[in-house]
2 protein chains.
Amino acid sequence: MPGFTQKFVSRKKDLQSLLCVGLDPDPSKIPAGYSPGPAGMLEFLTDVTVATAGEAVAYKPNLAFFEVMGSAGWDLFEKVIQTVRDHAPEALIIADAKRGDIGNTARFYARTFFETFDCDALTIAPFMGPDTIEPYLEYSSKGIIALCYTSNPGAASFLGYGEIPLYEKIAESVQEMNREHKNLWMVVGATKELHAISRIRCLAPDIPFLVPGIGAQGGDLAGILGSCGADLLINSSREILYAASHRDQVIEKSREKAGELVQSVRDICINAGIVL
Amino acid sequence: MPGFTQKFVSRKKDLQSLLCVGLDPDPSKIPAGYSPGPAGMLEFLTDVTVATAGEAVAYKPNLAFFEVMGSAGWDLFEKVIQTVRDHAPEALIIADAKRGDIGNTARFYARTFFETFDCDALTIAPFMGPDTIEPYLEYSSKGIIALCYTSNPGAASFLGYGEIPLYEKIAESVQEMNREHKNLWMVVGATKELHAISRIRCLAPDIPFLVPGIGAQGGDLAGILGSCGADLLINSSREILYAASHRDQVIEKSREKAGELVQSVRDICINAGIVL
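Basis of the calculations
Residues numbered from 1 in each chain as written. Chains lettered and ligands numbered in written order. Predicted model: local features only at pLDDT ≥ 70, side-chain atom pairs only at ≥ 80, totals over all residues. Heavy atoms only, no water. Axes fitted to C-alpha atoms, helices over the stretch in contact; angles between N-to-C directions. Helix = DSSP H or I, 4+ residues; strand = E, 2+ residues; numbered from the N terminus. Parallel < 35°, antiparallel > 145°, perpendicular 65-115°, else oblique. Left-handed = near helix turned anticlockwise from the far one by under 90°. Contact = heavy atoms within 4.5 Å. Nonpolar A, V, L, I, M, F, W, Y, C, P; charged D, E, K, R; others polar. Least-squares fit on C-alpha atoms with pLDDT ≥ 70 in both. Expected span 1.5 Å × (residues − 1). Buried < 20%, exposed > 50% of the residue type's maximum accessible area, 1.4 Å probe, protein only. Arc of directions from axis to C-beta. Buried area = accessible area lost by both parts, 1.4 Å probe. Salt bridge = Lys/Arg side-chain N within 4 Å of Asp/Glu carboxyl O. Polar contact = N/O pair within 3.5 Å; in protein donor to acceptor, adjacent residues only side chain to side chain.

(A) Region of the structure containing the packing of helix 2 (residues 37-52) of chain A against helix 4 (residues 71-87) of chain A. All names here are of chain A. Following both chains from N to C, one finds helix 2 and helix 4 inclined at 25°, their axes separated by 10 Å at the closest point. As judged from the angle between their axes, helix 2 and helix 4 are roughly parallel. Regarding helix 2 and helix 4, the two cross each other, and that crossing is right-handed. For the pair formed by helix 2 and helix 4, the contact residues are Pro38, Met41, Leu42, Leu45, Thr46, Thr49 and Val50 on the first element and Ala72, Leu76, Lys79, Val80, Thr83, Val84 and His87 on the second. Its residues assigned to classes, the contact of helix 2 with helix 4 comprises nine nonpolar, four polar and one charged.

(B) Here's a closer look at the relation of the copies chain A and chain B. Superposing chain A onto chain B takes a rotation of 180° plus a shift of 0.0 Å along the axis, which leaves an RMSD of 0.0 Å. Accordingly, the operation relating the two chain copies is best matched by a two-fold axis. Of every C-alpha in chain A, the one belonging to A:Ser71 sits nearest the axis of rotation, 2.2 Å from it. Same-surface contact between copies: 100% of interface residues of chain A are shared with the interface of chain B.

(C) Local environment of helix 12 (residues 247-272) of chain B. Residues and elements named next belong to chain B. In a regular helix each residue adds 1.5 Å, so 26 residues correspond to 38 Å; helix 12 covers 38 Å between its end C-alpha atoms and thus fits that length. Where helix 12 is buried, its residues meet strand 1 (19-23), helix 2 (37-52), helix 10 (221-228), strand 8 (232-236) and helix 11 (238-241). Gly273 sits one or two residues past helix 12 and shows a positive phi near 65°.

(D) Quick peek at unusual backbone geometry. Residues and elements named next belong to chain A. Located in the positive-phi region is Asp118, a residue other than glycine, with phi close to 50°. Mapped onto the elements of the fold, Asp118 is located in the loop between helix 5 (103-116) and strand 4 (121-124). Residue classification places Asp118 among the partly exposed residues on the basis of a relative accessible area of 43%.

(E) Quick look at helix 1 (residues 4-15) of chain B. Residue and element names in this part refer to chain B. The end-to-end C-alpha distance of helix 1 is 16 Å, a good match for the 16 Å that 12 residues give at a rise of 1.5 Å each. All of the buried residues in helix 1 are Phe4, Phe8, Arg11, Lys12 and Leu15. Axial view of helix 1: buried residues confined to an arc of 105°, hence all on one face. The outward face of helix 1, more than 90 degrees from its buried face, is lined by the exposed residues Gln6, Lys13 and Asp14. Immediately downstream of helix 1, the backbone of Gln16 shows phi near 50°, a positive value.

(F) A look at the interface of chain A and chain B. Listed as interface residues are 53 residues of chain A and, on the opposing side, 53 residues of chain B. Regarding the contact of chain A and chain B, the summed buried area is about 4,300 Å², with carbon and sulfur atoms giving 63% of it. Put simply, chain A and chain B have four salt bridges between them. Of the charged contacts in the structure, one is a salt bridge between A:Glu67 and B:Arg99, with a shortest N-O distance of 2.9 Å. Connecting chain A to chain B are 24 residue pairs in polar contact (both at pLDDT 80 or more). Of all elements in the fold, only helix 3 (64-67), helix 4, strand 3 (92-99), helix 5, helix 7 (155-158) and helix 8 (166-177) of chain A reach the threshold of two or more residues within the side of chain A that touches chain B. It is helix 5 of chain A that provides the largest number of residues to the side of chain A that touches chain B, a total of eight residues. For the side of chain A that touches chain B, the per-class residue count stands at 27 nonpolar, 15 polar and 11 charged.

In structure tokens:
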């Protein structure tokens, strides 16, 4: 069975795209015209999936926006996975849950996202130590995406701590732990200083990156592609999800925004001689 | 409305106890004689609550063991909260979810555990930076329990990183951020070196600790009480939960184990002149 990274490489080539669409259904931002509650969220996220199925390598539902509704939210999460499988069958599904725990607890989190919900990948917070990563590795067909240096301004406080910053130490550990199963990725924010991103790329040459921070957060798309190459997923959430203010325009506007981002990536890659 | 820490102080005095009972319903360990599935887990956790209601200051359900069942697990989580409210109305409920994210996502996690489920406190992973703590602080009646130095062996790799270890930096930040709302706690593992625990206590004198690692993990109960005083919750999960192998004995055996731990704490405190 091809692993997560192989599926990524194959779909990236087919679509000539690095796009990951973040699915963050915030009730206060959902365009007018949808039903209220979880039913309307499913209609909305289905439209966004239909709009972007030809551009998106991956979809990344953010669990916070689901679990706030309790068990109804987890039912919605299951339905959203199904709607992505129906409308974009080759797309990868990344559960953005940033789970971080050890031993038996981590094994239960792995089982949740890889068995109960059969997602293709999960974001994890490895900061409690390498024993927070190990329990996931045996799922060799799944992607394990460890936070390394996140896009938020506060990331420098702890992840950038130390004479040699902590994110370098995390990158080295992840590179080392990836040897056997080849299913580890890392989150590296596009808003970080380019020298930091380049350094992480050098320390973890075999690890693809999931990159938040493009768009509203102001990350440097050309910079990250130039310093890291194309073993990346570039995440966009708000710009694509909330491109329209009314249901009638969601498919058109979301498709347009996704297309713009994909075209920017292609243009940068052609200019820089990067093969997608 | 009294805050989480005030409720803790009051119940600690009333019960002369520091006990927090971890509720980790692992299907492979639940004693024989209960119904299968979530219904049996509720029966089991109700028995454990009934058994320990006179000893437990707090209960700490671990979300991993619930969400593995999908929406049925979140229904169970809601029912477990209700059973604790019914059988131990003064006890505090700590959702052990170790959520760690920023901005809007963190606000949704806060809403999940403090509004949708009305827990008394939530464990959070603050490693992405101080902006992972801020969104929770406005819930001034709730407890926000930030991981600082966890009980697992691997914690030294990243949390102990740096000439001055990262956990010291986290402790300083938490102490500083606690000034206004006084609702921050930290997780400090009983398995850590006593000089590290004492140092954290010095850097964060106003922050109570949630302490895992006593029991199976071999943490030093007398050491942590001696170096930190009694602004602590001492967690025990497996030893109390799985004290019996059959349903018929759960109430008796769990009560016995809880009583033993509470008595150990009282004895140490009396010998060391620590006021509970």
